[in-house]
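Structural overview
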Amino acid sequence: MTKKALITGIRGQDGAYLAKLLIEKGYRVFGADRRSSDTNLWRLRELGIEKEVRVVYMDLLEPSLILRTIETIQPDEVYNLAAQSFVQASFDLPLLTAEINAIGVLRLLEAVRLYRADIRFYQASSSEMFGKVQQVPQNERTPFQPRSPYGIAKLFAHWATVSYRESYGMFACSGILFNHESPLRGKEFVTRKVTSTLAEIKYGLRDRLVLGNLDAQRDWGYAPEYAEAMWLMLQADAPDDYVIATGESHSVREFVEKASQVAGFELVWEGKGADVRGVDRRSGRTIVEVSPQYFRPSEVDVLRGDYSKARAQLGWAPRTRFEQLVEIMMEADLRRVREQAR
């Protein structure tokens, strides 16, 4: 019998990669999307699966619609990837972030419980829940101390998932995913902002790249591999929570340096603090600047995950190293800009 999966957040990077994986495994895939001015499914098109995903209207703000969608589709697995996903924006939109990322997940869990509690449920938790980290690296037992409305809302959803698993016996898992990137990442995220802007600078479409804290360190992995980890969690014999990471952390500065190298720049840093700038030695041009506008009110300085539990229980491990990830993203954006310029 063909399995059916419902993926919320189908327009996002993770939704697209997960949909592709599930289709390849023979699933019927339904993608939940809210009605908005942005109905662009370019990620599904880029992966060649747009016609194979049935997109349905569902909004995490409306509980009756969630329940009707679950009843109509009757999925075997539900993957909740929908969120207000920008940490910086959560400081400006704390109530909306909480409504979607926290209460929205509770609505979805309750709908699954009321309709059919044996549906397998995945919640996209986040390394931002660790916040002001208590230990490095972070694992499933590390205390949480979020430092943004985004992290706080994600933590509420995480504990709600645990509670429904323990209270109602639901097969509910949380994947505590550290940063995961790809050419399908939105330009609002710093990694894709770096690669897309450097590509535009390379071909004369933009003058410079403006960033915030260059010294923030993140554990960056490759998104398609993290989608595989989501699926593996729901195939396990018992539900549990897992850290998904690479075990390495690199600074924004390192990401910029590697991306610049791939783009053909010879970057050198001049100045200090907020006055630092990146200069292309070959042309003498300033191509990178720092602006206080992009600093968070409270920063998460170092995130690095310990994925040993996922390796031991799921057989999952990252395959793409940091340098490869940057190359994949930078080369994809160079190709895009080059093709647009023709």
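Please refer to the structure higher up on the page.
The text that follows walks through the structure, step by step, so that each part is easy to find. (Residues numbered from 1 in each chain as written. Predicted model: local features only at pLDDT ≥ 70, side-chain atom pairs only at ≥ 80, totals over all residues. Heavy atoms only, no water.)

1. Focus: the sheet that holds strand S4 (residues 77–80)
The sheet built from seven strands is open, its strands ordered S3-S2-S1-S4-S5-S6-S11 with parallel pairing. Of all strands in the sheet, those bounded by a partner on one side alone are strand S3 (53–57) and strand S11 (241–244). On average, adjacent strands in this sheet sit at an angle of 20 degrees to one another, irrespective of strand direction. Looking at chain direction, strand S1 (residues 4–8) and strand S2 (residues 28–33) are connected through five bridges and run parallel. Residue pairing across strands places Ile 7 opposite Gly 31, the latter belonging to S2. (Pairing = 2+ DSSP bridges. Helix = DSSP H or I, 4+ residues; strand = E, 2+ residues; numbered from the N terminus. Axes fitted to C-alpha atoms, helices over the stretch in contact; angles between N-to-C directions.)

2. Describing the sheet that holds strand S8 (residues 209–211)
In any sheet, the strands associate via hydrogen bonds between backbone groups, in a parallel or an antiparallel arrangement. Reading across the sheet, the four strands line up as S8-S15-S14-S13 and stay open at both edges, with mixed pairing between neighbours. Here the strands that pair on one side only, and so sit at the sheet edges, are S8 and strand S13 (267–270). Taking the axes of each pair of neighbouring strands and ignoring which way they run, one obtains an average angle of 20 degrees across the sheet. In the packing of helix H7 (residues 190–202) onto the sheet, contacts are made with S8 and strand S15 (286–290), and the angle to S8 comes to roughly 160 degrees. (Contact = heavy atoms within 4.5 Å.)

3. Details of the nonpolar core
Ile 7, Leu 18, Leu 22, Tyr 79, Tyr 122, Ile 244 and Trp 316 are the most contacted members of the largest nonpolar core, which has 41 residues in total. Of all elements in the fold, only S1, helix H1 (13–24), strand S5 (120–126), strand S6 (172–177), helix H8 (223–235), S11 and helix H10 (308–314) reach the threshold of two or more residues within this core. Sorting elements by how many residues they give to this core places H8 first, with nine residues. In contact with Ile 7, not counting residues within four places along its chain, are Gly 15, Leu 18, Ala 19, Leu 22, Val 29, Phe 30, Gly 31, Ala 32, Tyr 79 and Leu 81. Listed in part, the 28 residues of the second largest apolar core include Val 194, Leu 209, Val 276 and Met 329. (Core = buried A, V, L, I, M, F, W, Y, C linked by side-chain atoms within 4.5 Å. Buried < 20%, exposed > 50% of the residue type's maximum accessible area, 1.4 Å probe, protein only.)

4. Brief notes about the packing of aromatic side chains
On inspection of all chains with the given rule, the structure shows 11 aromatic pairs. A ring pair is formed by Tyr 79 and Tyr 122, whose centres lie 6.1 Å apart and whose planes are at 45 degrees; its orientation type is tilted. Taken together, the residues span a long stretch of sequence, with Tyr 79 in strand S4 and Tyr 122 in strand S5 at a distance of 43 residues. The same class applies to Tyr 79 and to Tyr 122, which are both buried. Taken together, the ring pairs connect Phe 130, Phe 144, Trp 159 and Phe 178 into an aromatic cluster. Stacked on the ring of Tyr 168, the Lys or Arg Arg 113 has its end atom at 4.7 Å from the ring centre. It is Arg 253 that lies over the ring of Trp 269; its NZ or CZ is 5.1 Å from the centre. (Phe/Tyr/Trp six-rings, centres within 6.5 Å; stacked < 30°, edge-to-face > 60°. Lys NZ or Arg CZ within 6 Å of the ring centre and 35° of its normal.)

5. Describing the side chain of His 180
For His 180, the location among the structural elements is in strand S7 (residues 180–181). With relative accessibility at 9%, the residue His 180 sits in the buried group. Within the structure, the side chain of His 180 is placed 2.8 Å from the backbone oxygen of Phe 178, a separation counted as a polar contact. Contact partners of His 180, with chain neighbours within four places excluded, come to Gln 13, Asp 14, Arg 185, Gly 221, Tyr 222, Ala 223 and Tyr 226. (Polar contact = N/O pair within 3.5 Å; in protein donor to acceptor, adjacent residues only side chain to side chain.)

6. Remarks on the side chain of Thr 191
Position of Thr 191 among the secondary structure elements: in helix H7. When its relative accessible area of 1% is taken as the criterion, Thr 191 is described as buried. Among the polar contacts made by the side chain of Thr 191, one reaches the side chain of Glu 181 at a distance of 2.5 Å.

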